[in-house]
Amino acid sequence: MELRQVRYVLAVAEERSFSRAANRLHLAQPSLSQQIAKLEKILGVSLFHRLPQHVELTDAGQRFVQVAQTLVDMSEGLEREMRSYAVGESGKLLVGSLPITGAYVLPRVLTTFTKQFPGVELQLMEDTSSHLEQLLVRGKIDVSLLTMPISDPSLEIVPAIKEEIFLAVPPHHPLADRDEVDLTEVADQPFILLKEGQGFRTVSLRLCEQAGFRPRIVFESSNIQTAQSLVAAGMGLSFAPKMITMAPGTVEPPVYIRINSKPSRTLVVAYRKDRPLSRPAETFVQLLIEQGGKI
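Residues numbered from 1 in each chain as written. Predicted model: local features only at pLDDT ≥ 70, side-chain atom pairs only at ≥ 80, totals over all residues. Heavy atoms only, no water.

### With respect to the side chain of Ser221
Short version of the rule: To qualify as a helix, a DSSP run of H or I must reach at least 4 residues; to qualify as a strand, a run of E must reach at least 2; elements of each kind are numbered from the N terminus. Residue contacts are defined here by distance: any two heavy atoms, one from each residue, within 4.5 Å place the two residues in contact.
Among the secondary structure elements, Ser221 is positioned in strand E9 (residues 216-221). Not counting the four nearest positions on each side in its chain, Ser221 is found in contact with Leu193, Leu194, Lys195, Thr226 and Ala227.

### Some details on unusual backbone geometry
Inclusion rule: Burial status follows relative accessibility: with a 1.4 Å probe on protein chains alone, a residue under 20% of its type maximum counts as buried, one over 50% as exposed, and anything between as partly exposed.
Phi is positive for His26, which is not a glycine, with a value near 60°. For His26, the position within the fold is in the loop between helix H2 (18-25) and helix H3 (29-43). Residues other than glycine seldom take positive phi values, yet Lys262 does so here, at roughly 50°. Here Lys262 shows up in the loop between strand E11 (255-259) and strand E12 (264-272). Look at Lys262 and you get partly exposed, because its relative accessible area is 46%.

### Brief notes about the nonpolar core
Under the convention used in this document: Take the buried Ala, Val, Leu, Ile, Met, Phe, Trp, Tyr and Cys residues and link them wherever side-chain atoms come within 4.5 Å; each set so joined is a nonpolar core.
If you look at the biggest cluster of nonpolar residues, it comprises 57 residues, and the most contacted ones within it are Val143, Leu167, Leu183, Phe239 and Phe284. Top element by residues in this core is strand E6 (residues 155-169). It accounts for six residues. When neighbours within four sequence positions are excluded, Phe284 is seen to be in contact with Leu93, Val95, Leu106, Val109, Leu110, Phe113, Leu122 and Val143. Core analysis: the second largest hydrophobic core is formed by 19 residues, Ala11, Val12, Ala68 and Val72 among them.

### Points about helix H6 (residues 129-137)
At 3.6 residues per turn, the α-helix brings residues three or four places apart onto the same side. We apply this condition: By construction, the arc corresponds to the directions joining the helix axis to the C-beta atoms.
Along H6, the residues classified as buried are Ser129, Leu132, Glu133, Leu135 and Leu136. Looking straight down H6, one finds its buried side chains confined to an arc of 165°; they lie on one side. Where the residues of H6 are buried, they touch strand E3 (91-97), strand E4 (120-126), strand E5 (143-147), E6, helix H7 (199-210) and E12. A positive backbone phi angle near 80° is found at Gly139, which sits one or two residues after H6.

What follows is the structure in structure tokens.
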């Protein structure tokens, strides 16, 4: 059994199709089918039910994929660890970033990092916190900036940024001239929140829950700046972390009011516990923490 055959099985299992898996692997479909048939013959079991429209894993196939993913992860981890000995002069660092938050935190970090490691190719991947967590667990990125809470126990978590959360209200809202507000006062108000999968949505819902109500959500957005623009237009209320309140936005931005319980959110840098960080990755994590302390 060869590792490439193991990768082939994983691709077919994920795509549920030999043709789609072949396209993804840049192989001819007959060649892929022959390799998997050869592996099944060696193992003495069928890994897939070959149905007219798609394929499904057999019981043996499900067990194979479960162990195979671990083997591939270990293989990739070993390759990364070996490359890390020389990555100070060259190599690649894959970094996950929250789209909006990263725009405020990363610029100075990237400038300093590239000066220290000019030969390291730095690649950024922007996505939601939940998706970045999945990519990190699967070993598709090396380190990532994430929003708490994080559920997977395989990740090492290093607190990087803690910032206060404010209530965003329209400029002409009755509460707009207040310095501080109790969230129970807005329990019956319409809210604009981020879409499912966004870490800050979870934080926002938890704040409302702690105040004893479930928010009446009238709009959802994948972009926190869009949510702030909708608030400014009078469409509802929302929440905003401190760095958003300090950033330029709409022509007439929302009014940001301190919440009397002074809630906050924590952003962390995370990486796999079983994958030692290279020297550049360790430096990148440290720079993120240092920059976070300045916000």
